[in-house]
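Understanding the architecture of this molecule
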Amino acid sequence: MKCTKCAAPAAINMRQHRLALCGDHYVEWFRAQTERAVSKHRMFSREERVLVAVSGGKDSLALWDVLLHLGYQADALYIDLGIDDGIRYSDRSLTHIHRFLAGRPEANLQVVDIEQVCGASIPDASRLTRRGRSKPCSVCGLVKRHVMNRVARDGGYDVVVTGHNLDDEAAVLFGNTLRWQLGYLSRQAPVLPASSQGLARKAKPFHRFYERETAAYALVRGIDYMYDECPYSVGATSLRHKAVLNELERQAPATKLQFYLGFLRAREEGAFEGLDAARPDLSACLECGQPTTAGQRCAFCRMWEQVNARKGRLGEPARAENSR
Ligand code: Q46
Ligand code: ZN
Ligand code: ZN
């Protein structure tokens, strides 16, 4: 197969776009598509400060690479979750990020080590709290959201961006639709504005790219990303939804794209308007100041209080009070 633009051997064939491109033209196309998504959804401007949440995986490192190349003020945040499980997953993820940084002296990375800052790794905190009986993902999600928002607020960032791709977004949409979770459906969007109560703006510039397209960009750019998934993702519902969508896509190319873009069109036409109305007003947590629906102290603060109380009972030193 040849590149549609220059007839060199194609590096990727995108059936849903009827487009085959060589490495150089693919990189050009991918960056132009990202720029289009950023401006179409008014995600951020070149005058604003962007915080990229990086995991060491292909999507987030590709996103950071594209934004730096396009001239955005993009710093990155890595949250060290302390996931070990015998394979030092978090350490290996950070190694890949350091390799990415080695060739980019202009790039700034901030690392937040959860065990150092909060007193326990995510798996340990999960074992010590009612939230994470079977898997640490609930604790993990809560901590990541809290830390991202806090780093954005404290660092003066205008927006937090993540590398979620079309496969991720279509799987979330599929799950929310199966359960008709209208509140979640109304809040699923490529960009979520900042709330007056202190939630940072969030954006997903890769929401239209298939996972294989972000992987192809990372490969063509020589980004040495972390290939392994988090060990706790095994058996996740989102992976089952992805498998179903992959099968549909195999039988009818562009199914995922049409499913997701159709949803965005319906959203723009107001199909989900007002469905978020039942959401309670947010107020500042009395302990950390971050927005919470609980009225008094946020779920993050309550969770760490429980972890520290259990640690104290087990004879381990508790986290210092002001260490988060
Ligand atoms: S939530 Fe769960 Fe992920 Fe956290 S513990 Fe791993 S699989 S990393 S997106
Ligand atoms: Zn070409
Ligand atoms: Zn709090």
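Presented here is a report on the structure given in the accompanying data block.

Basis of the calculations
- Residues numbered from 1 in each chain as written.
- Chains lettered and ligands numbered in written order.
- Predicted model: local features only at pLDDT ≥ 70, side-chain atom pairs only at ≥ 80, totals over all residues.
- Heavy atoms only, no water.
- Salt bridge = Lys/Arg side-chain N within 4 Å of Asp/Glu carboxyl O.
- Helix = DSSP H or I, 4+ residues; strand = E, 2+ residues; numbered from the N terminus.
- Buried < 20%, exposed > 50% of the residue type's maximum accessible area, 1.4 Å probe, protein only.
- Near = heavy atom within 4 Å.
- Nonpolar A, V, L, I, M, F, W, Y, C, P; charged D, E, K, R; others polar.
- Donors = N, O, S within 2.8 Å, 3.2 Å for Na, K, Ca; no water.
- Tetrahedral: all angles 85-135°; square planar, octahedral: opposite > 155°, others 65-115°.
- Core = buried A, V, L, I, M, F, W, Y, C linked by side-chain atoms within 4.5 Å.
- Contact = heavy atoms within 4.5 Å.
- Expected span 1.5 Å × (residues − 1).
- Patch = residues over 30% accessible without salt bridge, like charges linked within 9 Å, V, L, I, M, F, W, Y side chains within 5 Å.
- Areas by Shrake-Rupley, 256 points an atom, 1.4 Å probe, with all protein chains shown as cover.
- Phe/Tyr/Trp six-rings, centres within 6.5 Å; stacked < 30°, edge-to-face > 60°.
- Lys NZ or Arg CZ within 6 Å of the ring centre and 35° of its normal.

What follows concerns the pattern of salt bridges. If charged atoms from side chains of opposite charge come close, those side chains can pair. What the rule picks out here adds up to 20 salt bridges. Here Arg 46 ties to Glu 35 by a salt bridge, and the two come within 2.6 Å at their closest N and O atoms. Taken as a pair, Arg 46 in the loop between helix H1 (23-40) and strand E3 (49-53) and Glu 35 in helix H1 lie far apart in primary sequence, 11 residues in all. Two residues, Arg 201 and Glu 48, come together in a salt bridge whose shortest N-O distance is 2.8 Å. Of this pair, Arg 201 sits in strand E8 (residues 201-203) while Glu 48 sits in the loop between H1 and E3, and the two are 153 residues apart along the sequence. With respect to burial, Arg 201 and Glu 48 carry one shared label: buried.

In the vicinity of ligand 1, the contacting residues are Ile 83, Cys 137, Cys 140, Lys 144, Cys 230, Tyr 232 and Ser 233. Its residues placed into classes, the shell around ligand 1 shows five nonpolar, one polar and one charged.

Each protein donor to the zinc ion (ligand 2) is listed here as Cys 3 (SG), Cys 6 (SG), Cys 22 (SG) and His 25 (ND1); together their distances run 2.1 to 2.3 Å. Note that the zinc ion (ligand 2) binds four donor atoms; their angles at the metal cover 100 to 114 degrees, and the shape is tetrahedral. Mapped onto the polypeptide sequence, the residues donating to the zinc ion (ligand 2) form the spacing pattern C-x2-C-x15-C-x2-H. The buried category is assigned to Cys 22, whose relative accessible area is 8%.

Tyr 26, Phe 44, Val 52, Trp 64, Leu 67 and Val 161 are the most contacted members of the largest nonpolar core, which has 45 residues in total. Here this core gets seven residues from one element, more than from any other, and that element is helix H2 (residues 58-69). Contact partners of Leu 67, with chain neighbours within four places excluded, come to Phe 44, Val 50, Val 52, Tyr 72, Ala 74 and Val 161. Of all hydrophobic cores here, the second largest spans 36 residues; its members include Ala 53, Ile 79, Val 143 and Cys 288.

It is worth spelling out H2 at this point. Along an α-helix, a turn takes 3.6 residues, which lines up residues three or four apart on a common side. Across its 12 residues, H2 extends 16 Å between first and last C-alpha, which sits within 8% of the 16 Å expected from 1.5 Å per residue. Positive phi shows up at Gly 71, right after H2, with a value of about 85 degrees.

Together, Trp 180, Leu 182 and Leu 275 line one region of the surface with nonpolar side chains, adding up to about 310 Å² of accessible area. The residue Leu 275 is located in the loop between helix H11 (255-268) and strand E9 (283-284) in this model.

Moving on, we come to the side chain of Glu 169. Relative to the helices and strands, Glu 169 resides in helix H7 (residues 166-178). We classify Glu 169 as buried; its relative accessible area is 1%. Ignoring any residue separated from it by four or fewer positions in sequence, one finds Glu 169 in contact with His 164, Gln 188, Lys 204, His 207 and Tyr 260.

Mapped onto the secondary structure, His 241 falls in helix H10 (residues 237-251). Aside from chain neighbours lying at most four places away, what touches His 241 is Ala 171, Phe 174, Gly 175, Leu 178 and Arg 179.

To describe a pair of aromatic rings, one takes the distance between the centres and the angle between the planes. By the definition in use, this model includes 14 aromatic pairs. Among the aromatic residues, ring-to-ring pairing joins Tyr 26, Trp 29, Phe 30, Phe 206, Phe 209 and Tyr 217 into one connected group. The ring centre of Tyr 72 lies 4.3 Å from the NZ or CZ of Arg 46, which sits over that ring. If you follow Arg 104 out to its NZ or CZ, it ends over the ring of Phe 100, 3.7 Å from the centre.

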